[in-house]
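Structure assessment
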Amino acid sequence: MKHLMTLAWASAWSRRLSLGIVVLGIAVSSCLLLLIERVRQDVRASFNASIVGVDLLVGPRSGDIALLLQTVFHIGQVPHTLSWDAYERLGQDPAVAWRVPLMQGDHLRGFPVVGTEASYFQHLRQSDGGALQWREGRAFEGLFEAVIGHEVARQLGLRAGQTVTLSHGLAESADHDHDHDKDHPQAAGLHPNHADKPLRIVGVLAPTGTPQDRTVWVALQSLTALHLDWMGGAPIPGFRIPAEQVRKFNLQPKTLNAVLVGLHQPQQVLALQRRWNTQTGEALQAVMPGVALDALWELIAQFERSLQAISALVIAVGLGGMAGTLLAGLNERRREMAVLRALGASPHHWAGLLCLESLSVTALGLFLGVLALHGLVWGLADWAVSVHGVRLAWRVPSASEWALMAGVMATGWVCGLLPALKAWTMALSDGLMPRS
């Protein structure tokens, strides 16, 4: 048997170029398959981590998914708002343990600005259930103070103690806004700014791997103060209220985008949701974030399956190429088969060697694919967080990834059966049987 393995290895080495191409194809296709699965898992984990600790999301009626995406993930815009009175009534409900208001509107060089209360940093949780951590500084306590996420600080080179100027309106992307600022330092016209009322950064959150890393938080009163001398999305000509005089005005906002709610007893969530969804008067909507996320995953499930099917097809093409390579070389390996006969090999030994060869080629390609996967995850991690707010995890393969790898190995073995069967029939027809 030792001689058979040595000869089989020598045979494979003599065909290293063709087998190397096959290994490369399997490596690329398996890397693609595993990368899609890794991205799918990490995107879901990042989205789920953004709503840990929140029982209900209350906002204007606009659709569960639309409200969740706009207020938590800053994707899209909900055209309606809820009143401050509704926020006050929500706090009077005995089932509500805490509530955190959210108001959006401005941006810091492309990063969304959220007006809220300092209690936001007490009630929101990380993916493991722990409290949000501070990289430096503290939560805001007064007017014209801001807290920034980790990616905001990293990309813009900011830290606690520095001052920043917000721009009015919502920017589509940080890259677009950077380009715009290069040509128009004051962002005049498209995004007029609040240069007369700069904000001081008092805290920087530690990285969370969620959209929070790309967010700027200020007090609700700060957003109101910034817009006292504005109307219709632009400064009022000839009218200006200095920053030192804004405290003379009522800075309580009249409307909000949404409210994050935590309950004393989470099992009451369905009753409270039904009560707020069916109340008369102001049209409000109470959404369970986890249920809305499940609905979102259902919407994109077909897209995920399409990507997985494409990558599986690429795997099949690669393994089919391996089977074709082995089949094409059988006629050229008759002399090798004769030598194996002289060494005492039977047809099933020859067929077994071909199956072993196909498994070895598949395993080597899969191994290189896993290495490439981890290299891509390591190389794309910063880009994924900075652009999409998703942290790609460099970790041991998950159970679903192990299942995919097992499927690739099983498919590789099946693809080796056809050349093995062909070799069996050739050995029998050529009389290549061991001598008794």
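About the thresholds
- Residues numbered from 1 in each chain as written.
- Predicted model: local features only at pLDDT ≥ 70, side-chain atom pairs only at ≥ 80, totals over all residues.
- Heavy atoms only, no water.
- Helix = DSSP H or I, 4+ residues; strand = E, 2+ residues; numbered from the N terminus.
- Buried < 20%, exposed > 50% of the residue type's maximum accessible area, 1.4 Å probe, protein only.
- Areas by Shrake-Rupley, 256 points an atom, 1.4 Å probe, with all protein chains shown as cover.
- Salt bridge = Lys/Arg side-chain N within 4 Å of Asp/Glu carboxyl O.
- 1 Å grid on protein atoms, 1.4 Å probe; cavity = no way out; pocket = protein on both sides within 12 Å on 5 of 7 lines; lining within 4 Å.
- Points joined across faces, edges and corners; volume = space filled by probe spheres on them.
- Nonpolar A, V, L, I, M, F, W, Y, C, P; charged D, E, K, R; others polar.
- Contact = heavy atoms within 4.5 Å.
- Phe/Tyr/Trp six-rings, centres within 6.5 Å; stacked < 30°, edge-to-face > 60°.
- Lys NZ or Arg CZ within 6 Å of the ring centre and 35° of its normal.
- Patch = residues over 30% accessible without salt bridge, like charges linked within 9 Å, V, L, I, M, F, W, Y side chains within 5 Å.
- Pairing = 2+ DSSP bridges.

Observations regarding the overall build of the protein
Summing up its helical and strand segments, the protein has 13 helices and 14 strands in all. Per-residue burial over the protein gives 49% buried out of 436 residues. For the protein, the accessible area works out to roughly 21,200 Å², and carbon and sulfur atoms hold 61% of it.

Section: the pattern of salt bridges
Charged atoms that come close allow side chains of opposite charge to pair. Throughout the structure, instances matching the rule amount to 12 salt bridges. The partner of Glu 88 in a salt bridge is Arg 99, and the shortest N-O contact between them spans 3.6 Å. Of this pair, Glu 88 sits in helix α4 (residues 84-91) while Arg 99 is found in strand β3 (residues 96-108), placing the two residues 11 residues apart along the sequence. In this structure, the salt-bridge partner of Arg 154 is Glu 151, at a minimum N-O distance of 2.9 Å. Separated by 3 residues within a single helix, Arg 154 and Glu 151 lie in helix α6 (residues 150-156), roughly one turn from each other. Here Glu 151 falls in the buried class, since its relative accessible area comes to 3%. Among the charged side chains, a salt-bridge network with shared partners connects Arg 138, Glu 141, Glu 145 and Arg 200.

Observations regarding the side chain of Thr 215
By the secondary structure assignment, Thr 215 is in the loop between β8 (199-205) and β9 (216-219). Look at Thr 215 and you get buried, because its relative accessible area is 2%.

Considerations on empty space enclosed by the protein
On inspection of all chains with the given rule, the structure shows 2 cavities of 30 Å³ or more. Taken as a whole, the largest cavity holds about 170 Å³ of empty space. As for the largest cavity, its lining consists of 16 residues, of which Thr 71, Val 72, His 74, Tyr 120 and Gln 212 are closest to the centre. Looking at side-chain class alone, the lining of the largest cavity contains 10 nonpolar, 6 polar and no charged residues.

Focus: the environment of Leu 143
Topologically, Leu 143 is positioned in the loop between β5 (134-137) and β6 (145-148). Separated by 78 residues in the primary sequence, Leu 143 and Gln 221 place their C-alpha atoms 6.7 Å from one another. The residues touching Leu 143, leaving out its near neighbours within four places in the chain, are Gln 221, Ser 222, Ala 225, Val 246, Arg 247 and Leu 251.

A word on the packing of aromatic side chains
Counted under the stated rule, the structure contains 6 aromatic pairs. Taking the centre distance of 5.3 Å and the plane angle of 75 degrees together, the rings of Tyr 120 and Phe 121 count as edge-to-face. Overall, Tyr 120 belongs to the buried group, its relative accessible area being 7%. With centroids separated by 5.9 Å and ring planes inclined at 80 degrees, the aromatic side chains of Phe 121 and Phe 140 adopt a geometry described as edge-to-face. In this pair, Phe 121 is assigned in helix α5 (residues 120-123) and Phe 140 in the loop between β5 and β6, connecting sequence segments 19 residues apart. The exposure class of Phe 121 is buried, given its relative accessible area of 7%. Within the aromatic cluster, the residues linked to one another by ring pairs are Tyr 120, Phe 121, Trp 134, Phe 140 and Trp 217. Taking NZ or CZ as reference, Arg 99 lies 4.2 Å from the ring centre of Tyr 87, over its face.

Considering the side chain of Glu 136
With respect to the secondary-structure elements, Glu 136 resides in strand β5. Taking relative accessible area as the criterion, Glu 136 reaches 19% and is therefore assigned buried. Setting aside residues up to four positions removed in sequence, Glu 136 forms contacts with Arg 159, Ala 160, Gly 203 and Val 204.

Description of unusual backbone geometry
A positive phi angle, near 50 degrees, is found at Arg 109, a position not held by glycine. Summarising the element assignment, Arg 109 is placed in the loop between β3 and β4 (111-116). Residue class for Arg 109 comes out partly exposed when judged on its relative accessible area of 36%. With phi around 55 degrees, Phe 144 is a residue other than glycine that occupies positive phi space. With respect to the helices, strands and loops of the structure, Phe 144 is situated in the loop between β5 and β6.

Let's talk about a nonpolar patch on the surface
Together, Leu 32, Leu 299, Ile 300, Phe 303, Leu 307, Ile 310 and Val 314 line one region of the surface with nonpolar side chains, adding up to about 600 Å² of accessible area. It is helix α10 (residues 289-328) that provides the largest number of residues to the nonpolar patch, a total of 6 residues. Mapped onto the secondary structure, Ile 310 falls in helix α10.

Let's talk about the environment of Gly 142
Topologically, Gly 142 is positioned in the loop between β5 and β6. Gly 142 sits 80 residues away from Ser 222 along the chain, and the two C-alpha atoms are 8.1 Å apart.

Considerations on the pairing of β4
Regular strands place their side chains on alternate faces of the sheet. Across the 6 residues that make up β4, a large majority, 6, are buried. In this structure, β3 lies alongside β4, joined through 4 bridges in antiparallel fashion. Bridging from a neighbouring strand, Gln 104 pairs with Val 114 of β4. Joining the antiparallel neighbours β3 and β4 is a turn of 2 residues, in which Arg 109 adopts a positive phi near 50 degrees. As defined by bridge partners, β4 adjoins β9 across 4 bridges and the pair is classed as parallel. Following the sheet pairing, Gly 115 is matched in β9 by Val 218.

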